[in-house]
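Architecture at a glance
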Amino acid sequence: MSITFYVKAQELTFDVTAEYFPITANTTFNDYTQGGITIGGGASGSIARVDGDYKYIEIGKGTAKYISITSVSDIKKITIYYRGAGNSTESNPIITYGNDASATNTYTDNSVKTTVPGAEKSFVFPANTKYIRISNGLDATDVNATTRVYKIIAGFSEYTLPLNFLSFTAKPNNQNSSVTLNWQTTNEVNTKEFVIERRTESTEFKPIDTKVSNNTSGVHHYTYTDYNALSGKAYYRLKQLDHDAKYQYSDVVVAELKKGPVLSVYPNPAQDVLNVQIGDKSITALQILNTHGQKVLSIHVSEEESSKAINITSLNAGAYILQQVAGTIVKDRYKFIKE
């Protein structure tokens, strides 16, 4: 599923995968206006469809089915995101533009033949373009006469495309002791970092860490492990921060941990001594790892011990992972800072 951060410099972002466009079956869609630009369906209705995990607007056969983009001001640029379904590809859409619905100027996009999750194509228009129509224009007997569109961006100037999320997931590890977040992006322009935020069912979102952005074109893969994940359901979102201090939020993903006895560590940050409360009698050792995963300390734990005071004066300042181990099994991990 494609997940999109919303408006930066463009005036309109119309995304059928987003929360404001909830579709569950084959439906026509109403006009949608944002930033002075309106998007709507044709006389016979372009259809919003769901194909498994994929949502899109289907522009069917014939000239009566289309998507229109209109404004009282000149529209300079649009970007269309196309989507296939299964192994199928797109027909070639026709972009008609001009001052009103009688427009006859056209672009024919012969380059887009794509399977899921889709591809993008931008078009720049001359002055006095206030009406744009997206259709496929193919004969009703053509078996390939279908154009699928899942997002449209439009603006009064030649905007920079917003960062786009191709995926964002949260998954507990096998020991139910941490949660790994994975996300993919495209169109990173002026992006500084991702702030990772977390909440429970009874708390508000709070930042827990940051990840520096690549800030280059192309597809990028990111991963982050929350070693201090909370027991029960935890909700995660990303705050994408630009170099000019502008920011946008991602969609929210959820992960559920079913933890046993919880490892308690304090203070955090710590300077000389790290106090550990051990809630599991099967624990045989406490280990401290650096950010490269290398073991720097190992402390034996007997069955009778329920707490440990670990001298960490020999550690350099920085981030570390404390893990509790039962034999050869890592049962829990906790991130802390040595000052």
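Since the model is a prediction, treat every value here as computed from it, not as a measurement. (Residues numbered from 1 in each chain as written. Predicted model: local features only at pLDDT ≥ 70, side-chain atom pairs only at ≥ 80, totals over all residues. Heavy atoms only, no water.)

What follows covers the confidence of the model for the protein. The pLDDT averaged across the protein works out to 78; a share of 76% of its residues lies at or above 70. Under a pLDDT of 50 for its full length, residues 1–8 has, in the predicted model, 38 contacts with residues more than four places off or in other chains. (pLDDT = per-residue confidence, 0-100. Contact = heavy atoms within 4.5 Å.)

Here we take up the nonpolar core. Counting residues in hydrophobic clusters, the biggest one holds 26 residues, and the most contacted among them are I67, I69, I78, I80, I95, I132 and I134. Those elements that place two or more of their residues in this core are β2 (12–15), β5 (37–41), β7 (54–59), β8 (67–71), β9 (77–82), β10 (94–98), β13 (131–135) and β14 (147–155). The element that contributes the greatest number of residues to this core is β14, accounting for 5 residues. One finds F168, V179, F194 and Y236 within the second-largest nonpolar core, a separate group that totals 18 residues. (Core = buried A, V, L, I, M, F, W, Y, C linked by side-chain atoms within 4.5 Å. Buried < 20%, exposed > 50% of the residue type's maximum accessible area, 1.4 Å probe, protein only. Helix = DSSP H or I, 4+ residues; strand = E, 2+ residues; numbered from the N terminus.)

As a further point, take unusual backbone geometry. A cis geometry characterises the amide bond from Y266 onward to P267, with omega recorded as -10°. Note on placement: P267 falls in the loop between β23 (264–266) and β24 (273–277). In this structure, N128 takes a positive phi of about 70° despite not being glycine. In this fold, N128 is placed in the loop between β12 (119–124) and β13. A residue is classified by how much of its surface remains accessible, and N128, at 48% relative accessible area, is partly exposed. Phi angles above zero are rare outside glycine, and N215 is one such case at about 55°. With respect to the helices and strands, the residue N215 is situated in the loop between β18 (206–212) and β19 (220–226).

To continue, consider the packing of aromatic side chains. By the definition in use, this model includes 9 aromatic pairs. Judged by centre distance (5.2 Å) and plane angle (25°), the rings of Y97 and Y107 are stacked. Linking Y97 in strand β10 with Y107 in strand β11 (residues 105–108), this pair joins segments that are 10 residues apart in sequence. On the basis of relative accessible area, Y97 is assigned to the buried category, the value being 11%. Judged by relative accessible area, which is 27%, Y107 ranks as partly exposed. (Phe/Tyr/Trp six-rings, centres within 6.5 Å; stacked < 30°, edge-to-face > 60°.)

This next bit is on the sheet that holds strand β26 (residues 295–300). Read from one edge of the open sheet, 4 strands run β26-β25-β28-β29, paired in antiparallel fashion. Each having just a single partner strand, β26 and β29 (329–338) make up the two edges of the open sheet. For this sheet the average axis-to-axis angle between neighbouring strands, irrespective of direction, equals 20°. (Pairing = 2+ DSSP bridges. Axes fitted to C-alpha atoms, helices over the stretch in contact; angles between N-to-C directions.)

It is worth spelling out the pattern of salt bridges at this point. What the rule picks out here adds up to 5 salt bridges. With a closest N to O distance of 2.7 Å, E197 and R237 form a salt bridge. Remark: R237 occurs in strand β20 (residues 232–242) and E197 occurs in strand β17 (residues 191–199); sequence separation between them is 40 residues. The pair formed by E197 and R237 is uniform in burial state, with each residue classed as buried. A salt bridge links D209 to K335, with the nearest nitrogen and oxygen atoms 2.8 Å apart. Taken together, the residues span a long stretch of sequence, with D209 in strand β18 and K335 in strand β29 at a distance of 126 residues. By relative accessible area, which is 25% here, K335 ends up partly exposed. (Salt bridge = Lys/Arg side-chain N within 4 Å of Asp/Glu carboxyl O.)

Looking at the secondary structure, you find S213 in the loop between β18 and β19. S213 sits in the buried class, given a relative accessible area of 10%. One polar contact links S213 to T191, side chain to side chain, over a distance of 2.6 Å. Engagement of the side chain of S213 in a polar contact is seen with the backbone nitrogen of N215, the distance being 3.1 Å. In contact with S213, other than residues within four places in its own chain, are E188, T191, K192, E193, F194 and Y222. (Polar contact = N/O pair within 3.5 Å; in protein donor to acceptor, adjacent residues only side chain to side chain.)

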